[in-house]
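Listed below, chain by chain, are the residues.
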Amino acid sequence: MYSINKLTMKKIFVSALVALCGFTASYAQQASFLSNNHCLYRISQESQNQKCLLLPVQEDAEMANIKVIADNKQVKALNVKLAKDHVDYFVPLYMDEFAGLKGLALDIHVNGDYSKEGLNALTCWKEMKFSDAFDMKNREQYRPDFHHTPAYGWMNDPNGMFYKDGVWNLYFQYNPYGSVWGNMHWGHSVSKDLVHWEHLDPAIARDTLGHIFSGSAIVDKNNSAGYGENTIVAFYTSHRNIPGGQSQVQSMAYSTDNGRTYTKYEQNPVLTPFDGLQNFRDPKVFWYEPEQKWIMIVSADKNMRFYSSANLKQWEYMSEFGEGFGPQPNQFECPDFIQLPVDGDRSKMKWVMIVNINPGFVYGGSGTMYFVGDFDGHRFVCDTKPEVVKWLDWGKDHYATVTWSNAPAGRTIALAWMSNWQYANYTPIQQFRSANALPRELSLYTGEDKQLYLSAAPVKETENLRKDSKKLDDFTVNGEKRFETLFENNDGAFELELQLTSAGKEAGFELLNSLGEKVRIYLDAAEGRVVMDRAESGIVDFGKKVKPHDLDTEESYARYKEVTVNYKNDFALGTWAPINTAKGHKVQVFVDNGSVELFVDGGRVAMTNLVFPNEPYNSLRFYSEGGEMKISDFTIYKLGL
Ligand code: FRU
């Protein structure tokens, strides 16, 4: 009762304000300042006919919580860091979302103390404007040439990836209202070859159950859910801040137009935690053929919970896996579960549980680990002891890795977000934030210690990116050898492919630019490891201290502290991976604006690191210490779309 009364009173209050408040500033005809933190911004019918309202963003400003109101009812909520004293960039609020609605207004609550200067002193009111266009042309030096990024806004985890009728669908955690985390939607892009991507409209938008967090999607071939054969059914976490914490429940949406648009299931959520767990998210759903049932895995704090279902709507708890496995303490996120042949032999299949953890990665922050074992349709049993940790990628920027469902030809293709929660919100980029790593083909092989490992090789479609190639003669180095200008007009995107055989102590090469910025990649024979060092790669101390994340309520806002990134420890460093004892290794390096991806021996070692050089790397310095290194089968490819 109380809440109904409160709601009714609030409505009356808002309508009274709409009716009574005069305009307080001539430069902002639509803005009425109701208190030092509260502004009502009316949208006329004429403005509503324009394409979008451009909202000015300042990344280090306080967060504004905006409710879109029509006819005194809230129709949408979004959080935007509205410009305080300067504009970093604009984000569009598209008016077609509100087509047919009357009495449109933004009810804006700006966090922070404006009692001295007054709320009307903020720059945002002058800069907010309606427009028939939103300019998405790239403005960024570090926009990758060949990796997927959103055109603008923030991106984190890949979500709900499925393949159907020749199209690879990629959804992703997306904030269309700023280049920091928040306002979680499922953004959407599609590709016919995994390397050329087309941006589509976001597919699933934040609603009253909360943000649309990560999840998965399946092709419902047998019409289990009752929406028709081959309907796409997506599962995601509805996340809300609630007094004293957060609520995470699993929701469902279906699409009858091949994933372009979704209808949310009217009885959402489909799964809530039986014990009120607050970290309960990222549902991965797959078909278990032997028992003709659907299985859902949900990350549950430091564990993964397994559920099963016949109709995709009712889920029954089966078992859990993971407590005590991997580095401690850790937060399990974004599970995936795949079955793969051992060493290519389809008569020997094993299950692999992919667990993304944050924090806990060997070099800090977020990383993807995996566990190999057996599954009987109910319970997963890992082959190795809890303390045995295997990493899918040994670089700092390969997180939230999950695979495409329904991939053709028995392929298992994984995709990751190319960043790390330690600094993802602060990278020196503004128009968009972050890219995906290259998609990778996963397979299982037996290592020298007889254990099973995942190999993650760049998909063969990356060859579609090769525009030009230079084959170099074989050479040996005992000391150093340089290649000065790799390309005349280097835009920063290229691939190196070579065979490196070393009898030395340390042997490898540096990617260099004329400013002396470099990334060093080398074999360290004494330690039996391969290293990528980005300590001097370019900008390594980027960013300022800003309040991160999206804040729904004053309480959640108050819970956040200023985050300090320790760049020396968190970014300016080298990462390394153990490597087998062979003297010769196949090495592939993909360099793009903002990243270096290393693959050794066809993906047996994968290592992905962000880099921000002040100009593209355009020369190579090979070196060998304590013995001779031979480079053979060496080709340099210019890459582009
Ligand atoms: C992983 C993650 C997920 C969550 C999503 C929110 O990076 O924390 O667990 O669903 O991001 O954006």
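First things first, this report covers the structure right here in the doc. Values in this document were obtained by computation on a predicted structure and should not be read as measured data. (Residues numbered from 1 in each chain as written. Predicted model: local features only at pLDDT ≥ 70, side-chain atom pairs only at ≥ 80, totals over all residues. Heavy atoms only, no water.)

**Observations regarding the sheet that holds strand β3 (residues 52-57)**
Point 1. Here 3 strands make up an open sheet; going across it, the order is β6-β3-β8 and the pairing antiparallel. Each edge of the sheet is formed by a strand with only one pairing partner; in this case those strands are β6 (89-94) and β8 (129-131). Sheet twist, expressed as the mean angle between neighbouring strand axes with direction ignored, is 40 degrees.
Point 2. Two strands pair when backbone bridges link them, and β3 and β8 are joined in this way by 3 bridges, in the antiparallel orientation. Bridged to Leu53 within β8 is Phe130. (Pairing = 2+ DSSP bridges. Helix = DSSP H or I, 4+ residues; strand = E, 2+ residues; numbered from the N terminus. Axes fitted to C-alpha atoms, helices over the stretch in contact; angles between N-to-C directions.)

**Description of the sheet that holds strand β13 (residues 211-220)**
Point 1. Strand order in the open sheet made by the 4 strands is β13-β14-β15-β16, with antiparallel pairing throughout. Single-partner strands in this sheet number two, and they are β13 and β16 (263-264).
Point 2. Here β13 runs beside strand β14 (residues 231-242); their pairing, made up of 8 bridges, is antiparallel. Paired with Val219 across the two strands is Ile232, which belongs to β14.

**Here's the deal with the site of the ligand**
Point 1. Every one of the 13 residues lining the ligand counts as a neighbour, but Asp157, Gln173, Trp181, Arg281 and Asp282 are closest to it.
Point 2. Within the contact set of the ligand, an oxygen atom lies 2.6 Å away from a side-chain nitrogen or oxygen of Gln173.
Point 3. With respect to the ligand, the side chain of Asp282 contributes an N or O atom lying 2.5 Å from an oxygen atom.
Point 4. If the ligand stood free it would expose 320 Å²; the protein chains cover 95% of that surface. (Near = heavy atom within 4 Å. Polar contact = N/O pair within 3.5 Å; in protein donor to acceptor, adjacent residues only side chain to side chain. Areas by Shrake-Rupley, 256 points an atom, 1.4 Å probe, with all protein chains shown as cover.)

**Side note on the pairing of strand β20 (residues 316-321)**
Point 1. Summarising the sheet, strand β19 (residues 304-309) and β20 pair through 5 bridges and their orientation is antiparallel. The residue of β20 that forms the bridge with Arg305 is Glu320.
Point 2. Following β19, the chain reverses through 6 residues before pairing antiparallel with β20; Leu312 in that reversal takes a positive phi of roughly 70 degrees.

**Side note on the state of the cysteines**
Point 1. Under the defined criterion, the tally for this structure stands at 0 disulfides.
Point 2. Not engaged in a disulfide, the cysteine Cys52 finds its nearest cysteine sulfur in Cys124; these two sulfurs lie 17 Å apart.
Point 3. With no disulfide partner, Cys382 has as its closest neighbouring cysteine sulfur the one in Cys334, 20 Å distant.
Point 4. Its relative accessible area of 13% is what places Cys382 among the buried residues. (Disulfide = S-S within 2.5 Å. Buried < 20%, exposed > 50% of the residue type's maximum accessible area, 1.4 Å probe, protein only.)

**A few points about unusual backbone geometry**
Point 1. In this chain, Asn268 is followed by Pro269 through a cis amide linkage whose omega measures 5 degrees.
Point 2. Across the junction of Asn358 and Pro359, the peptide omega takes the value -10 degrees, indicating a cis bond.
Point 3. A positive phi is found at Asp633, a non-glycine position, where the angle reads about 45 degrees.
Point 4. Within the secondary structure, Asp633 sits in strand β41 (residues 619-639).
Point 5. Owing to a relative accessible area of 51%, Asp633 belongs among the exposed residues under this scheme.

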